[in-house]
Amino acid sequence: MMKLDGFHSEVFSANWADYLYLVYNVPFWEAEAERLTSCVQPYLHEAAVGAKFKEVQEMMDVLYACEDVRDHINELCEMGTRASGFMGTGWQAEEKVENMDENAKHCAAAYDKLLEKHPTFKPKIEQTLGHGLAILRSKHKFKWGSMHRYFF
């Protein structure tokens with residue numbers, strides 16, 4: 001139970017919006033989760049262990065989903081920056097994303113779906129996807145449900 005609590009605390013307290021931190025740590029977290037999965041099997045019938053293990057599994061699922069959508073948002077932002085050319089001058093500008101509205105709507109829909117499906121992880125979803133959508137909105141104007149929470 002101590003190992004499950006420690007693992008949960010480490011992953012949950014991390015900044016899921018920090019791409020580099022995740023690149024460095026997720027492989028270690030995956031290895032630890034795999035090790036914990038095999039260690040916890042004989043104790044899953046115990047209520048406390050089973051509940052905590054289920055929470056850890058849900059946390060990892062939410063982490064992966066948030067990471068995927070945030071990576072997509074980051075790519076859209078990067079492509080938007082490159083489309084404006086060198087320092088916004090238009091020189092050596094790359095192609096614009098043609099369907100930015102559609103991409104933004106899909107990202108916002110994924111955000112809403114995750115909030116609905118995993119309400120206990122709302123702070124982490126807000127930290128990654130909510131803030132990511134706010135950054136995307138600075139590149140391309142679109143609407144989503146909680147857009148007025150973010151002013152910068």
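Everything that follows concerns the structure shown earlier in this document.
Okay, so let's go over this structure. (Residues numbered from 1 in each chain as written. Predicted model: local features only at pLDDT ≥ 70, side-chain atom pairs only at ≥ 80, totals over all residues. Heavy atoms only, no water.)

### A look at the overall build of the chain
If you tally the helices and strands in the chain, you get five helices and zero strands. Taken from the N to the C terminus, the helices and strands of the chain come in the order α-α-α-α-α. By the compact-globule yardstick of 15 Å for 152 residues, the chain is too spread out, its C-alpha radius of gyration being 19 Å. Principal-axis analysis of the C-alpha atoms places the extent of the chain at approximately 60 × 30 × 25 Å. Within the chain, buried positions represent 38% of all 152 residues. Put simply, the chain shows about 9,500 Å² of open surface, and 57% of that area lies on carbon and sulfur atoms. Averaged over its 17 positive side-chain charges, the chain has a centre that lies 7 Å from the centre of its 23 negative ones. (Helix = DSSP H or I, 4+ residues; strand = E, 2+ residues; numbered from the N terminus. Rg over C-alpha atoms; globule rule 2.2 N^0.38 Å. Buried < 20%, exposed > 50% of the residue type's maximum accessible area, 1.4 Å probe, protein only. Areas by Shrake-Rupley, 256 points an atom, 1.4 Å probe, with all protein chains shown as cover. Lys, Arg positive; Asp, Glu negative; His and termini not counted. Charge placed at Lys NZ, Arg CZ, Asp CG, Glu CD.)

### Re the nonpolar core
Residues Phe-7, Trp-29 and Ile-125 are the most contacted members of the largest nonpolar core, which totals 40 residues. Elements with a minimum of two residues in this core: helix H1 (2-13), helix H2 (19-40), helix H3 (47-83), helix H4 (100-117) and helix H5 (122-139). Of the residues forming this core, the biggest block, 12 residues, is contributed by H3. Those residues in contact with Trp-29 that sit more than four places away from it in its chain are Phe-7, Glu-10, Val-11, Ala-14, Tyr-21, Leu-22, Met-60 and Leu-63. (Core = buried A, V, L, I, M, F, W, Y, C linked by side-chain atoms within 4.5 Å. Contact = heavy atoms within 4.5 Å.)

### Looking at the pattern of salt bridges
In the structure shown here, the tally under the stated rule is four salt bridges. Between Arg-35 and Glu-32 there is a salt bridge, and its shortest N-O distance comes to 2.7 Å. In this pair, Arg-35 and Glu-32 both sit in helix H2, three residues apart, roughly one turn of the helix. The partly exposed category is assigned to Arg-35, whose relative accessible area is 36%. Here Glu-78 makes a salt bridge to Arg-82, at a shortest N to O gap of 2.9 Å. Taken together, the residues span about one helical turn, with Glu-78 and Arg-82 both in helix H3 at a distance of four residues. In the salt-bridge network here, residues are joined through shared partners; they are Asp-5, Lys-52 and Glu-55. (Salt bridge = Lys/Arg side-chain N within 4 Å of Asp/Glu carboxyl O.)

### Thoughts on the side chain of Glu-67
Among the structural elements, Glu-67 can be located in helix H3. The contact partners of Glu-67, leaving out residues within four places of it in the chain, are Leu-22 and Val-26.

### Notes on the environment of Ala-65
Here Ala-65 shows up in helix H3. For Ala-65, a relative accessible area of 24% gives the class partly exposed. Taking the C-alpha atoms as reference, Ala-65 lies 26 Å from Ala-48; in sequence the two are 17 residues apart.

### Focus on H5
Taking 1.5 Å of rise per residue, the 18 residues of H5 would be expected to cover 26 Å, and the 25 Å separating its terminal C-alpha atoms lies within 8% of that figure. The inward-facing, buried residues of H5 abut H1, H3 and H4. (Expected span 1.5 Å × (residues − 1).)

### Some points on empty space enclosed by the protein
Summed over all chains, the structure comprises one cavity of 30 Å³ or more. Considering only enclosed or pocket space, the largest cavity measures out at about 50 Å³ in volume. For the largest cavity, the full set of lining residues is Trp-16, Ala-17, Asp-18, Tyr-19, Leu-22, Cys-66, Glu-67, Arg-70, Asp-71 and Asn-74. Listing elements by their share of the lining of the largest cavity, those giving two or more residues are H2 and H3. (1 Å grid on protein atoms, 1.4 Å probe; cavity = no way out; pocket = protein on both sides within 12 Å on 5 of 7 lines; lining within 4 Å. Points joined across faces, edges and corners; volume = space filled by probe spheres on them.)

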